[in-house]
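This is what each chain is made of:
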Amino acid sequence: MMKKKRLSASKASLVLFLCQMISALDVPLDSKLLEELSQPPTITQQSPKDYIVDPRENIVIQCEAKGKPPPSFSWTRNGTHFDIDKDAQVTMKPNSGTLVINIMNGGKAEAYEGIYQCTARNERGAAISNNIVIRPSRSPLWTKEKLEPHQVREGDSLVLHCRPPVGLPPPIIFWMDNAFQRLPQSERVSQGLNGDLYFSNVQPEDTREDYICYARFNHTQTIQQKQPISVKVFSMDSLNDTIAANLSDTDIYGAKPVTEKQPILLTPTGSTSTKVELRGSVLLLECIAAGLPTPGIHWIKEGGELPANRTFFENFKKTLKIIDVSEADSGNYKCIARNILGSAYHVISVTVKAAPYWITAPRNLVLSPGEDGTLICRANGNPKPNISWLANGVPIAIAPEDPSRKVDGDTIIFSHVQERSSAVYQCNASNEYGYLLANAFVNVLAEPPRILTPANKLYQVIADSPALLDCAYFGSPKPEIEWFKGVKGSILRGNEYVFHDNGTLEIPVAQKDSTGTYTCVARNELGKIQNEVQLEVKDPTMIIKQPEYKVIQRYGQVSFECIIKHDSTLLATVTWLKDNDELPDDERFLVGKDNLTIMNVTDKDDGTYTCIVNTTLDSVSASAVLTVVAAPPTPAIIYARPNPPFDLELTGQLERSVELSWIPGDENNSPITSFVIEYEDGLHEPGVWHYQTEVPGTQTTVQLKLSPYVNYSFRVIAVNEIGRSQPSEPSEQYLTKSANPDENPSNVQGIGSEPDNLVITWEPLKGFQSNGPGLQYKVSWRQKDVDDEWTSVIVANVSKYIVSGTPTFVPYEIKVQALNDLGYAPEPSEVIGHSGEDLPMVAPGNVQVHVINSTLAKVHWDPVPLKTVRGHLQGYKVYYWKVQSLSRRSRRHVEKKILTFRGNKTFGMLPGLEPYSSYKLNVRVVNGKGEGPASPDKVFKTPEGVPSSPSFLKITNPTLDSLTLEWGSPTHPNGVLTSYVLKFQPINNTHELGPLVEIRIPANESSLILKNLNYSTRYKFYFNAQTSVGSGSQITEEAVTIMDEAMASRQVDIATQGWFIGLMCAVALLILILLIVCFIRRNKGGKYPVKEKEDAHADPEIQPMKEDDGTFGEYSDAEDHKPLKKGSRTPSDRTVKKEDSDDSLVDYGEGVNGQFNEDGSFIGQYSGKKEKEPAEGNESSEAPSPVNAMNSFV
């Protein structure tokens, strides 16, 4: 058994590659570790090889590099040293190699044309950039020329030449008229690739004097215009009129009608031509023909087909466009122009050459002293490129000698390297069509062991499951890893442990006695280090009593049990689902500690109920079905599931079909609605039954389709409204013959788990899909657009194959084909996969922040080059956090916020910022592997905003004419407070607000005595704070000045006067006597006098009010149902309606509408006035008398 194996991507998320390495020395991406390790320079960003610049703007030639120690930079121009200190117009950015040439302050772009190359150097080597050719764009004026008008006969062909000025880059050509409207084009009239306007045949409507050719130079955003061209078309009718005017009647005259013409090619001329195109570019071939009727164009490739999915026709099929051309696209292409009179053709011989392209680019090499390694540089092209090597930017033939280095063509072999062997090597692959330059360093490190896993890290697993204990390490030479259990335990060995290359210890089946302390020891010749981790093995969670299948009648009650057992140190949560979804939001569902009860069951409750138990380490579930049935009409009828079918028989056996028949069982008072047929494959999956088909309940035979190489048995299940029957007894077995596989594996994917591999996976065929013995899979792959031949391997009993040694994140064509002992399945379709991703290499540049307002900012950044993403671009993440509040100058715990912007977006909004604060942010690019490096932190500040309301406002010490106000400063000042604003106004007896008074108070004050107020008056106060931006939200309060004591002595409470109490008693006695008389009269059957008057006059105004109009109706006794007409004004709710007198107890707070606040203060003293005039808002109103004002004051 292998004791070591590679971790999958999910188990090795902590260990990533710093760079592409051929050596086994891995450098974990640990920030502290990376800061301490020396590294030769690496070019991270540079300007394009052919760099066309705007002559009106400053020239920026990029050169960025990383290394440890940080590299220094130098430049060459046209092959010689470029001393930027001697040119005042040229500067180099700090901590960067990027040049800025100042053109906007007097410099001329033409003076800086040339070939530039950047060198980044530190003590471990020197990396160089590509040769960057700087050329300013040019947009010259049109040469002045005298253009003669074109006079053309109808039906003839015509070419209007554009001949634009030669610009850099070449201009975009289009034709318009004087009104700046594009001239319409068609199969008859169209623009050629050279910009000329071609007429296959002219028509009278082509006559105009403003055919104007425009050249747009995009780089400088300028448009040049050619002189207008005049075209006049003479029709046959106009020629006949001219001839008739000059001849006598006896002369024979008449021009010929428009003559139809067979096609001739206007461009290209002749019968053959040649064209050379470069691999990977766009091939454009053009044929434009003259003729009447207008000829149609058709394209073919002699001896082959036009490439599918890459061929497009433009300009009314006059232009053949093939994208991403390769050497296979070389050949003869024929265009054929045809109309009813004949045809013409032209053959273009296309040769596809290729600038150099990488087969294997050299990769950075990290070695330990004494180790061996190789740098490989392989490129292809047409013609085949020449490979040359440089060391630290110097041709290797004249570079300093290194005894550990040997050059063998496209390979450098290193043997027994030492630290002085560190250097940066450049591989140059060139031919007549271009070159490739790649830097690859050799970094020789001697480092003692380091363990990166945190000390005493706790791992928790469930018993009988795998345990993975990490020991991330680094050292050079590569350390040896040993594991011990306990402080003084012996070294761990044996088949019960698996030791991974990255230091991880795997216990495949952890038991309770596996709990304890584990020690990882890393040692090499430079030192030794150890680290301890803790492992706890927990008991698994179990459902010891599962919910059971229930059949319940409608409107009954049902309960499902779910009793669990779990580790006492873990918290378990129980969740119930119905049909794999949340329980209905219904109070009939009662969830207990260990059960689910459903009250008043309805048909909608029918379904599958699942109990799910979750802990932080595991999850278990159990399900049961609830069947809701109707209550039986009589006890005698019993509804049940049908009895199983019987007497199954197979007839008409063929290679791919058989007929099955059966006899139904008893339906048990519920008709059988369908039969379900299942099959068992005794050859591949004995004991496992699969669904085959379903037929109506009236059918007892079925023709079944079969697969080859399956030993079939069948059984039948009957179904009615109650449920499914038990399965029937199996039929006899039937073994079908073997055959080639009919289908290939599905869901074929290619996704790398590491930067240097491609993991090909597929959904394997099921047993019966194999169609025969010896099922295997042919896995084939090739690098897209690089490899011509497929690489294949045949595997069995797996659904995954790993291709190692791939370049990082390149596309591959993949196919997986099934085969067995009888042969192959049909040719499979190809899918595109990608080798493994690596972390992005560079951070977004040019991060800018635009503060929109005090709570919102917009951030911009430049997108990173796609080549540096090294994976699928998922988007960008903006990390931002508040550094401090500018008003309080107090730091707090930094809570970073993250916003993710999907796709290739280059800007985003930052909402929810706090006003008047200092923030920092950085931006990172994200791919499928993770996040790239962060951009440098960008600092920005938010402006002041309006403050929040003061934290409190208290009003104390009331006197006859003054009140004392105290307040607290705003919780969020959001700036520098400039002042407080106090507004107040009195409230009179009718709840009207008096004049508003405003006072401004200095910001450093916290209290104020307000004087010269009216006595016994309620005031409403509005209070807010201000910054230089404006006023914040206000806080309101009300208070009352106290009354004059002399006036209070004259106020008498009417409710305490003797005469008033006597009057009320007399009124109550009189009402009681009248009620007794009324009841006596009613029991005798007599009528009230009022009733008699109502019957006599039948006044509609005193008819009883109806219930349907929202008013009170009649009152009737339960015995004689005699209505009581509307003679009384007392409503049925026993309340007294106030109509005539405003001087009721309600006005003084003693009526039924009086209420008390939570603190006991009285708030009902104004309820009597609210029927006449509602108070404004939700605020209290002024008391109608000084007495009540005092009573309500707290």
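Definitions and cut-offs
Residues numbered from 1 in each chain as written. Predicted model: local features only at pLDDT ≥ 70, side-chain atom pairs only at ≥ 80, totals over all residues. Heavy atoms only, no water. Disulfide = S-S within 2.5 Å. Helix = DSSP H or I, 4+ residues; strand = E, 2+ residues; numbered from the N terminus. Contact = heavy atoms within 4.5 Å. Pairing = 2+ DSSP bridges. Axes fitted to C-alpha atoms, helices over the stretch in contact; angles between N-to-C directions. Core = buried A, V, L, I, M, F, W, Y, C linked by side-chain atoms within 4.5 Å. Buried < 20%, exposed > 50% of the residue type's maximum accessible area, 1.4 Å probe, protein only.

Q: Explain the state of the cysteines here, please?
A: Linking two cysteines covalently via their sulfur atoms produces the bond known as a disulfide. Applying the stated criterion to the full structure yields six disulfides. Here Cys287 connects covalently by a disulfide to Cys335, the sulfurs 1.8 Å from one another. On the S-S bond that ties Cys287 to Cys335, the torsion sits near -70 degrees, and the link is left-handed. With Cys287 in the loop between strand 22 (283-286) and strand 23 (288-292) and Cys335 in strand 27 (residues 331-339), the pair connects residues that are 48 residues apart, well separated along the chain.

Q: Looking at this structure, how should I read the environment of Val759?
A: Within the secondary structure, Val759 sits in strand 65 (residues 757-763). For the pair Val759 and Gln749, spaced ten residues apart in the sequence, the C-alpha separation amounts to 8.0 Å. Among all residues touching Val759, those that are not within four sequence positions of it are Gln749, Gly750, Ile751, Gly752, Ser753, Lys800, Tyr801 and Ile802.

Q: Explain the environment of Asn989 here, please?
A: Its place among the elements puts Asn989 in the loop between strand 81 (979-987) and strand 82 (997-1002). Separated by 28 residues in the primary sequence, Asn989 and Thr1017 have C-alpha atoms spaced 9.6 Å apart.

Q: Where do I start with the sheet that holds strand 35 (residues 411-414) in this structure?
A: Sheets are built from strands paired through backbone hydrogen bonds, the pairs being either parallel or antiparallel. Taking strand neighbours across the sheet as the criterion, the three strands line up as 30-35-34 in an open arrangement whose pairing is antiparallel. Two strands close off the open sheet at either side, each with one partner strand: strand 30 (373-376) and strand 34 (405-408). Between one strand and the next, the sheet's axes are offset by a mean angle of 20 degrees, whatever the strand orientation. Relative to strand 35, strand 34 is paired through four bridges, and the arrangement is antiparallel. From the neighbouring strand, Asp408 faces strand 35, where its bridge partner is Thr411.

Q: Where do I start with the nonpolar core in this structure?
A: When a protein is soluble and globular, its nonpolar side chains tend to lie buried together. Core analysis: the largest hydrophobic core is formed by 29 residues, its most contacted members being Ile59, Ile61, Trp75, Ile101 and Tyr116. Counting residues per element, the ones that place at least two in this core are strand 3 (59-61), strand 4 (63-68), strand 5 (72-77), strand 8 (99-101), strand 9 (114-122) and strand 11 (132-136). Element by element, the count of residues in this core is highest for strand 9, at three residues. Sequence-distant contacts of Ile101, defined by excluding residues within four places in its chain, comprise Asn58, Ile59, Ile61, Gln89, Val90, Tyr112 and Tyr116.

Q: What exactly am I supposed to notice about unusual backbone geometry here?
A: Outside of glycine, negative phi angles account for most residues, and trans bonds account for most peptide bonds. In this structure, the amide linkage connecting Leu168 to the following residue, Pro169, adopts the cis form with an omega of -5 degrees. Position of Pro169 relative to the elements: it lies in the loop between strand 13 (158-160) and strand 14 (172-176). Backbone geometry at Asn95 places phi at a positive 55 degrees, although glycine is not the residue there. Relative to the assigned elements, Asn95 resides in the loop between strand 7 (90-92) and strand 8. We classify Asn95 as exposed; its relative accessible area is 82%. A positive phi is found at Tyr555, a non-glycine position, where the angle reads about 70 degrees. In this structure, Tyr555 sits in the loop between strand 48 (550-553) and strand 49 (558-561).

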